[in-house]
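Residue-level listing of the chains:
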Amino acid sequence: MELFFGRAQNILLRPVFYRAICQTKSASPTAFRRCTGSRTSSTIKTRIRAQQPGRPQVQSSSASSCSRCFHSSSLPSHRHPLRSLLRTPSLATVSKIGTRMSSSPEGQDMMEVLAGNSNQLADDICAAGSNAGKRQKLVMDYLKATDREGRSVSAEFPDGLDWFNVTEPLTLQGSLRGKVVVLDFFTYCCINCMHILPNLKRLEHLYPIEQGLAVIGVHSAKFRNEKDSNNIRAAVERYEITHPVVNDNVMAMWRKLRVQCWPTLMILGPRANPLFVILGEGNYDDLKLYVGSAIRYYREKGELRTHSLPIDLSHTAGLASHLKFPGKVVCCEGGEEELYAVSDSGNHRILIFEPSGTVRYTIGGKSSGFVDGGFREARFNAPQGVAFRGGDELYVADNENHAIRRIDLRTRTVSTVAGNGVQGNDRTGGKTGREQALSSPWDVAVYTTRDLDMSFHVDESKAPLKDVLLIAIAGIHQIWAIFLEDTIWWKFKKYTAGSCCAIAGSGHEQNRNTSYPHSAAFAQPSGLAINREVKEMYLADSESSAIRKISLTDGKVMAVAGGDRNPLDLFAFGDVDGKGYEAKFQHPLGVAYNAKDGHIYVADTYNHKIKKIDASTNCATTCEFREANGEIKRFSEPAGLCLDRTGQLLFIADTNNHELLVASLPDGTIRPLKLHFPVPEEMDSGSADDRATVLRSKHPIKLRLGSGKAVPKLRLLFNFTFPGKGTKLTEEAPQRWSLTLPSTDWSCERTNGSLDGAQSLTLPIAAPQGRELTANGNPVTIAIGFNLNLCEGDICFPKQFTVRLDVRQDEEDEDDDDDASKANNELEQHYEVQLSRATVTLKHN
């Protein structure tokens, strides 16, 4: 959990929980045991705006606390009256619940009291144990006492903010009036905020909008990059958020409601009257109890309204190609074949492909799940990191399943080696298989070592080698390992095969470097890369915006570049080339080490750049890659990197652009890598029952090159006709197409899109200039895939098919003058596609 202190009118806002709720004098014994480790703990990161503009500094320490409360006696205590915020100018004393509920005297911060009362209620509920009746009575008594005050917040969403998943802005006193409203204050970089989303989805399923619940995501950015609405829109789609989200880029609601940390849930009644505040993650039971009780209470009072909200998810969803938010990419270094794997995170699957882009294996489907088995049956949930072990095994950080999965290419099966699909909070480990719970593993790397037991071998090359799977556990800010064989590790400690445990990081969210691995602290580690020559592992520590390293001989944690010397300052981000701490990154997610040139390549995600760090000097510089037209390539939140076996090609997962790129390091050029599926993508494991049709023209296209300077151009026109009576394209349904060209030397204005209600499609294609249009004497092929939806009377049905057109050079191509060459270099081809419920045919007109 991340705590933020803002400066308003040069006066420091006091924290929501100023009281030391967890102290033994003020909390029950049960509550005290919860705060000292008997319950889930969250990490709190504190930020105070700098006295001077543009340079934030952290002044208070990070601490581990229970999920509901934290010590704050060392924090500033200046009080701020909220008289302008409240509709009632003064607050009367209310009856207390077990002497633990208090009200606000004149001038006291209402939100502070609300937070304090919420914590006291949580303590009482915890003390009630499993007595459901008593827990319910405590909440209902609390609601009655709170409701008698008749307060409501005057805070309102400002005009002009961008909204997602709705067709029009919402207001607390307008469209949301009559609803129990859960305001989720989040920022999409924050892993703790992401952990809240499944709970909110469960809650929305229990209490739909028409039953009186409205969940509103209030995005309050930490990084500059997160203020951009396009980036938020991509995050809303990537994390499959279906409730309304507002981009509060000026943090107006944050300040008006005195919010202090991510994530914060604020529950309001049907009159925008404040009811509860919940900080941190891991509070679903309380959240469900509070919301369910509030809905019952206000339904009985007749204050709930059953109206719907203007939800429209189509305003958010983007059009992606074969890839959807690719996360990480990795090269197989040990097998006979040079294969690559990419986590197709948005499609919940893993793709293994050849350097040419031909997909060898599709593992998992386009729907999320947690299923072991064959490649077609297996299911993942937003997988991220991937790592080969030899040429036949691949390990996957199955992020939202909180698990590590193993892919066996020999048996074509998927199995689970750690995690059980439920987020864990264990910061030590030691268990095996599904018994060991994990929290958001984000990346994996395989490291080979001999036993670190100081044993002597006459020939070190014959010492037995052991494989260790290293894991970046972003959810609890640690580095873990699965020992794939019996291994002696740091400090001569023995681990049995299959054991999974924390090897570095205290679990506090900090940027703390030390010689003692368990005393070090990380901040959402999200990328790993190994330097086998010096036995070090580099990691992208995303929330500290730093690149750091761990010695794999003794566990020492050291700085490389970025971040700040102050281990508590997690806001030292920017976009600056330089050495060590002078360099600045913004939420980097990926790293790759190139042994050929000695550089660490960094996916500087929120700066939309690729950078490199000289591993010997720690100097960071920005890489520039140019496209075929000479323009500098612009990335969009790249997250994954890897090198090919030669160290000359850098593969890049450009996440928000939904594509893979290949950059040539010697000359700085870059090109997209188009993935080619052996069968149409509609036939993969995500839609096993589909049997797409392949249509081929009987006559190859003969394209003249000419001798002039004009680029050969090919114009393809497709007209869709319907011989059946009443057959037509379904109105408002998606009618999509995608184009696959023979190579990157060919180009078209667009390679995918929608028909948008039209019954024709025109594709202007440019062929390579002055090159043969054949491959080993055979024609090259253009493929156009169609995914259409049709209706015939009152019956609707899909049609999925691929048109393949062979193209060869016209043998009669003779030398012509420039004008004739220009004319000869342009060719137009017309095709008719006849569609009916029973068949689909192609005619060349």
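An account of the accompanying structure is given in this report.

Definitions and limits used
Residues numbered from 1 in each chain as written. Predicted model: local features only at pLDDT ≥ 70, side-chain atom pairs only at ≥ 80, totals over all residues. Heavy atoms only, no water. Helix = DSSP H or I, 4+ residues; strand = E, 2+ residues; numbered from the N terminus. Buried < 20%, exposed > 50% of the residue type's maximum accessible area, 1.4 Å probe, protein only. Areas by Shrake-Rupley, 256 points an atom, 1.4 Å probe, with all protein chains shown as cover. Disulfide = S-S within 2.5 Å. Expected span 1.5 Å × (residues − 1). Pairing = 2+ DSSP bridges. Phe/Tyr/Trp six-rings, centres within 6.5 Å; stacked < 30°, edge-to-face > 60°. Contact = heavy atoms within 4.5 Å. Polar contact = N/O pair within 3.5 Å; in protein donor to acceptor, adjacent residues only side chain to side chain. Core = buried A, V, L, I, M, F, W, Y, C linked by side-chain atoms within 4.5 Å. Axes fitted to C-alpha atoms, helices over the stretch in contact; angles between N-to-C directions. Parallel < 35°, antiparallel > 145°, perpendicular 65-115°, else oblique. Left-handed = near helix turned anticlockwise from the far one by under 90°. Nonpolar A, V, L, I, M, F, W, Y, C, P; charged D, E, K, R; others polar. Salt bridge = Lys/Arg side-chain N within 4 Å of Asp/Glu carboxyl O.

**Some remarks on the overall build of the protein**
Along the backbone of the protein there are 8 helices and 54 strands. Looking at the 845 residues of the protein, the share that counts as buried comes to 59%. Put simply, the protein shows about 34000 Å² of open surface, and 47% of that area lies on carbon and sulfur atoms.

**So, the state of the cysteines**
Throughout the structure, instances matching the rule amount to 0 disulfides. You can see C500 has no disulfide; the closest cysteine sulfur is in C501, sitting 6.8 Å from it.

**Structural notes on helix α3 (residues 132–148)**
The end-to-end C-alpha distance of α3, which contains 17 residues, comes to 25 Å, matching closely the 24 Å that a straight helix rising 1.5 Å per residue would cover. Residues R135, L138, V139, M140, Y142, L143, A145, T146 and D147 constitute the buried set of α3. Looking one or two places after α3, you find G150, whose phi comes out positive at around 70 degrees.

**Some thoughts on the sheet that holds strand β37 (residues 619–622)**
Overall, antiparallel pairing links the 5 strands, which are arranged β33-β37-β36-β35-β34 in an open sheet. Unpaired on one side and paired on the other, β33 (578–579) and β34 (590–594) mark the two borders of the sheet.

**Structural notes on the pairing of strand β40 (residues 659–664)**
Where a strand is regular, its side chains alternate between the two sheet faces. By the criterion of burial, β40 is predominantly enclosed, with 5 of the 6 residues buried. Relative to β40, strand β39 (residues 649–654) runs antiparallel, the two being bridged by 6 bridges. Counterpart to I652 in the pairing with β40 is L661. Counting the residues in the hairpin turn of β39 and β40 gives 4 residues, including H658, whose phi is positive at 55 degrees.

**Some details on the packing of aromatic side chains**
Within this structure, the stated rule accounts for 19 aromatic pairs. Centre to centre, the rings of F786 and F801 are 5.0 Å apart; their planes meet at 25 degrees, and the pair counts as stacked. With a gap of 15 residues between them, F786 in strand β51 (residues 778–792) and F801 in strand β52 (residues 795–809) connect regions that are remote in the sequence. Taking relative accessible area as the criterion, F786 reaches 1% and is therefore assigned buried. What makes F801 buried here is its relative accessible area of 1%.

**Things to note about the environment of V557**
Positionally, V557 belongs in strand β32 (residues 557–562). V557 sits in the buried class, given a relative accessible area of 2%. For the pair V557 and E536, spaced 21 residues apart in sequence, the C-alpha separation works out to 9.7 Å. Not counting chain neighbours up to four residues away, the residues in contact with V557 comprise R512, N513, T514, A520, F522, R548, K549 and I550.

**Things to note about unusual backbone geometry**
Of note, the bond from W262 into P263 is cis; its omega dihedral lies within 30 degrees of zero at -15 degrees. The topology assignment puts P263 in the loop between β10 (261–262) and β11 (264–268). Despite not being glycine, M251 has its phi angle at roughly 55 degrees, a positive value. Looking at where M251 falls in the secondary structure, it is placed in the loop between β9 (245–247) and α6 (252–256). Given a relative accessible area of 4%, M251 falls into the buried group. Backbone geometry places H658, a non-glycine residue, at a positive phi of 55 degrees. Looking at the secondary structure, you find H658 in the loop between β39 and β40.

**Some details on helix α5 (residues 229–238)**
With respect to burial, α5 is a largely interior element, 8 of its 10 residues being buried. Every buried residue of α5 is accounted for by S229, N231, I232, A234, A235, V236, E237 and R238. On the buried face of α5, the contacting elements are β6 (162–164), β8 (213–219) and β9. The opening residue of α5 is D228, an N-cap whose side-chain oxygen sits 2.7 Å from the backbone nitrogen of N230. In the segment just after α5, E240 is the residue with positive phi, at about 55 degrees.

**Quick look at the nonpolar core**
F157, L183 and L257 are the most contacted members of the largest nonpolar core, which totals 86 residues. Looking at this core element by element, the count peaks at 8 residues for helix α7 (residues 284–300). Once residues lying within four places of it in the same chain are set aside, the contact partners of L183 are F157, I216, V218, L257, T264, L265, M266 and L268. In terms of nonpolar packing, the next biggest core, distinct from the first, is built from 35 residues, L714, L729, L755 and L788 among them.

**Observations regarding the packing of helix α4 (residues 191–206) against α7**
The N-to-C vectors of α4 and α7 enclose an angle of 30 degrees; their axes lie 11 Å apart at closest approach. Judged by the angle between their axes, α4 and α7 are roughly parallel. Crossing of α4 against α7: the hand is right-handed. Here N199, L200, R202, L203 and L206 of α4 come into contact with α7, specifically with Y284, L287, K288 and V291. Among the residues forming the contact of α4 with α7, the class breakdown is 6 nonpolar, 1 polar and 2 charged.

**Some thoughts on the sheet that holds strand β25 (residues 478–483)**
Backbone hydrogen bonds hold the strands of a sheet together, and the pairing may be parallel or antiparallel. As summarised here, the arrangement of the 5 strands in space is β22-β28-β25-β24-β23, forming an open sheet in which the pairing is antiparallel. Across the chains shown, the open sheet's two edge strands, defined by having one partner strand only, are β22 (429–432) and β23 (441–450). With direction set aside, neighbouring strand axes in the sheet form an average angle of 25 degrees. Pairing between β22 and strand β28 (residues 499–504): 3 bridges, direction antiparallel. Along β28, the bridge assignment pairs T432 with S499.

**Considerations on the packing of α3 against α7**
Following both chains from N to C, one finds α3 and α7 inclined at 55 degrees, their axes separated by 10 Å at the closest point. Taken together, the axes of α3 and α7 are oblique relative to one another. Between α3 and α7 the crossing geometry is right-handed. On the side of α3, the interface is formed by R135, Q136, V139, M140, L143, K144 and D147, while α7 contributes D286, L289, Y290, S293, A294, R296, Y297 and Y298. When the residues that make up the contact of α3 with α7 are grouped by side-chain class, the tally is 8 nonpolar, 2 polar and 5 charged.

**Brief notes about the pattern of salt bridges**
Scanning the entire structure with this criterion turns up 31 salt bridges. The residue K222 makes a salt bridge to E543 at a minimum N-O spacing of 3.0 Å. With K222 in the loop between β8 and α5 and E543 in the loop between β30 (536–541) and β31 (546–551), this pair connects stretches of sequence that are 321 residues apart. A salt bridge links E637 to R238; the nearest nitrogen and oxygen atoms lie 3.8 Å apart. Here E637 is found in the loop between β37 and β38 (640–643), whereas its partner R238 is found in helix α5, with 399 residues between them in sequence. In this pair, the class of E637 matches that of R238, namely buried. Residues joined by salt bridges that share partners form a network here, namely R389, E393, R406, D408, R410, D467 and E485.

**Structural notes on the environment of D426**
Turning to its location among the elements, D426 is positioned in the loop between β21 (413–418) and β22. A sequence separation of 75 residues divides D426 from C501, and the C-alpha atoms of the two residues are 9.2 Å apart. Apart from residues lying up to four places away in sequence, D426 is in contact with K431, Q436, I476, Q478 and W480. At 2.8 Å, the side chain of D426 and the backbone nitrogen of T428 are in polar contact. Side-chain polar atoms of D426 contact the side chain of Q436, separated by 3.3 Å.

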